[in-house]
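# Structural description and commentary
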Amino acid sequence: MAEGFEFNITKPPKKGHEDVGKWAWTAFDLSRSWRDEELKQCDVWRENYKLFRGNHWGNNNRPNNVTVNLFFSNVTRTVANITARHPVAEVVDLDGTGADDAKKATARIKKWWLDSNQPYKLRATTLNSEIYGITTEKSVWNKRTGEPGVVVCDPFAVFYYPGYWEDVATQCPAVCHATALDPKVVENMYGTDGVEISETYSLLGGEREEVIGTSSYGMTRNASPLGEGYTSKPVNTRAGVKGDNALVVEVWCRDLSSKKTKKVDESGIETTVDEPGYPGGIRCITICNEGNKALSDDANPNL
C-alpha cells in the first residue's frame, strides 16, 4: 500500500493502482463491522433460523418438551401463498405497429421464466425474506445464453456499506458479495497464484448447519445442511463448507470518474470529449488475501 494512503469511499483508486485491493478490502471490512459488530444483524438472523428449525431449547435433548413451531408454520404458509401466484409480465404494443412483436416478446418472457428456473428462485428469495427479514437478488447477464439471470444470495454473504439508505440501488456507495472457494479454484478461475486460506465458516453463517431441530413422535433430531430440508440453498457462497477455503469478495462500488475520448465528426474534425469511465458509474473490484491481491477490476459486466 502506498505511503499516505487515505480511504475515501467516493474516490476509489484508478484501475491498476497498487492501492486498489486495499481500498476494496477497507470498504468490505467497514461494511462487515457495521453489520456484524454494530448492528449485530447476524445474531438476529441466527436466532431466527433456530426458531424456524424448531430449535427452541438449544441443542439439548428434551424429549418431554415439544413446542408448537408457529414461526415455521407462518413462514411456510406465506411462502406457499406467494409462490402459488406466478408473476405475469406482458409486452404491450402502444402504437399498434408491432402487435405480433409484442406477443412474441411476451411468449419469450414466459419461456425464460420456466427455462431459467425462476419459480424455484422465487421460492428461495421469499423464504430468505420470511426467515431473515431480508433478501438480496443479484442480476447477472449470461453471455453464453444471451439472456439475463438472477442469483439469490444468502443474506450472510452480502454486505452493505454503513449508512441508512432509503434506496440502496441509487444511494448506497458500495455493496459487497463474499464467496468461500477452494484456493486452487480461484487460482484457475483468475489465472493467478498465491491465493491464501481465510476464515469463512463463521463469517458466512456456516454455524446454521449445526442447528438441531426439536424431536417429537419418533422424528429424528438432525442438524440440517444448508440448502437442504426447509432452507433455501445459498447460491455461490459455500457458507456451510468447513475446510480450507479462500475468501473472495466482489466489491461493487460507484466510480463517477471520466476519461478523455477522441472523436471525429462527419467533416473529419477531431475533438476530445469527456465520457464516463464506467458505464452507469458502476465498478466491480474482486479481491482475496484481505485485499493484498486484486483478482479483477472491471466495469459493470452486465452492461
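Given the structure is predicted, the values throughout are model-derived calculations rather than measurements. Numbering of residues starts from 1 in each chain and follows the order in which that chain's sequence is written. Only residues with pLDDT of at least 70 are given local features in this predicted model, and only at 80 or more are side-chain atom pairs given and counted; all residues enter the totals for whole chains, interfaces and linings. Excluded from the side-chain calculation are hydrogens and water; included are all heavy atoms of the structure.

## Observations regarding the packing of helix H3 (residues 70-84) against helix H5 (residues 118-132)
Note on definitions: angles span 0 to 180 degrees between N-to-C directions of axes, and those axes are lines fitted to C-alpha atoms, for helices only across the stretch in contact. Only DSSP runs of H or I reaching four residues or more are called helices, and only runs of E reaching two or more are called strands; each is numbered from the N terminus. Two elements in contact, H3 and H5, have axes whose closest approach is 9 Å; the angle formed by their N-to-C orientations is 145°. Pair H3 / H5 crosses with right-handed handedness. Facing Phe71, Val75, Thr78, Val79, Ile82 and Thr83 of H3, the residues of H5 in contact are Leu122, Arg123, Thr126, Leu127, Glu130 and Ile131. Taken together, the residues of the contact of H3 with H5 sort by class into seven nonpolar, three polar and two charged. Crossing handedness is read from the near helix: turned anticlockwise from the far helix by less than a right angle, it gives a left-handed crossing, and turned clockwise, a right-handed one. For this analysis, residues touch if any pair of their heavy atoms sits within 4.5 Å. Classes in brief: Ala, Val, Leu, Ile, Met, Phe, Trp, Tyr, Cys and Pro nonpolar; Asp, Glu, Lys and Arg charged; the others, Gly included, polar.

## Overview of the pattern of salt bridges
Take a side-chain nitrogen of Lys or Arg and a carboxyl oxygen of Asp or Glu: if they are within 4 Å of each other, that pair is a salt bridge. Under the definition given, this model contains 15 salt bridges. A salt bridge links Asp36 to Arg35, with the nearest nitrogen and oxygen atoms 2.6 Å apart. A single burial state applies to Asp36 and to Arg35, both of which are buried. A salt bridge links Asp43 to Arg46; the nearest nitrogen and oxygen atoms lie 3.4 Å apart. A residue pair is termed a helical-turn pair when its members lie 3 or 4 positions apart in one helix, as Asp43 and Arg46 do in helix H2 (residues 41-52) at three residues. Exposed residues in this analysis have more than 50% of their type's maximum accessible area, buried residues have under 20%, and partly exposed residues fall in between, with area computed by a 1.4 Å probe over protein chains only. The class for Asp43 is partly exposed, based on a relative accessible area of 39%. The structure contains a network of salt bridges with shared partners spanning Asp29, Arg32 and Glu37.

## Things to note about the environment of Thr10
Summarising the element assignment, Thr10 is placed in the segment before helix H1 (20-38). You can call Thr10 exposed: its relative accessible area is 58%. For the pair formed by Thr10 and Cys253, sequence separation is 243 residues and the distance between their alpha carbons is 8.7 Å. What qualifies as a polar contact is a pair of N or O atoms within 3.5 Å, subject to a donor-acceptor requirement within protein and to the restriction that residues adjacent in sequence count only when both atoms come from side chains. Within polar-contact distance, the side chain of Thr10 engages the side chain of Asn8 at 2.7 Å.

## Side note on the sheet that holds strand E5 (residues 246-254)
Here the rule is simple: two strands pair whenever DSSP picks up at least two bridges between them. Taken in spatial order, the five strands of this open sheet run E3-E4-E5-E8-E9, and their pairing is antiparallel. Of all the strands in the sheet, just strand E3 (158-160) and strand E9 (293-299) have a single pairing partner and so form its edges. Neighbour-to-neighbour, the strand axes of the sheet open up by a mean angle of 20°, direction not taken into account. Judged from the three bridges that link them, E3 and strand E4 (residues 174-181) form a sheet pairing that is antiparallel. Counterpart to Tyr160 in the pairing with E4 is Val175. On top of the sheet, H1 reaches E3, E4, E5, strand E8 (282-288) and E9; it is set at about 90° to E3, its chief contact.

## Focus on the nonpolar core
What tends to happen in soluble globular proteins is that the nonpolar side chains get buried as a cluster. Core analysis: the biggest nonpolar cluster contains 23 residues, and Trp23, Phe28, Ala178, Leu247, Val249, Val251 and Ile285 have the highest contact counts within it. Only H1, E4, E5 and E8 provide two or more residues apiece to this core. Among the elements that make up this core, the one with the highest residue count is H1 (six residues). Apart from residues no more than four positions distant in its own chain, Val251 is found in contact with Trp23, Ala24, Ala27, Val175, Cys176, Arg283, Cys284 and Ile285. Take the buried residues of types Ala, Val, Leu, Ile, Met, Phe, Trp, Tyr and Cys, join any two whose side-chain atoms come within 4.5 Å, and each joined set is a nonpolar core. Counting residues in each nonpolar core, the second largest holds eleven residues, with Cys42, Tyr49, Phe52 and Ile131 among its members.

## Some remarks on the pairing of strand E1 (residues 136-142)
A regular strand places its side chains so that they alternate between the two faces of the sheet. Across seven bridges, E1 lies against strand E2 (residues 147-153) in antiparallel orientation. Following the sheet pairing, Trp141 is matched in E2 by Pro148. Remark: four residues form the turn of the hairpin made by E1 and E2, two consecutive strands paired antiparallel; Gly146 in that turn has positive phi of roughly 70°.

## Quick look at the confidence of the model for the protein
Per residue, pLDDT captures the predictor's confidence, and it can take any value from 0 to 100. The pLDDT averaged across the protein works out to 85; a share of 85% of its residues lies at or above 70. Long-range and interchain partners of residues 215-221, a stretch whose pLDDT sits below 50, account for eleven contacts in this model, where long-range means more than four residues apart. Note that pLDDT drops below 50 for residues 227-240; the model gives that stretch 44 contacts with residues more than four away or on any other chain.

## Let's talk about H5
Residues that lie three or four places apart on an α-helix share one face, since the helix turns once every 3.6 residues. By this rule the span expected of a helix is its residue count minus one, scaled by 1.5 Å. Taking 1.5 Å as the rise per residue, H5 with 15 residues should run 21 Å; its terminal C-alpha atoms sit 21 Å apart, in good agreement. Looking only at H5, the buried set comprises Gln118, Leu122, Ala124, Thr125, Thr126, Leu127, Asn128, Ile131 and Tyr132. Summarising the contacts, the buried residues of H5 are in contact with H2, H3, helix H4 (99-115), E1 and E2. After H5 finishes, the residue Gly133 shows a positive phi value of roughly 85°.

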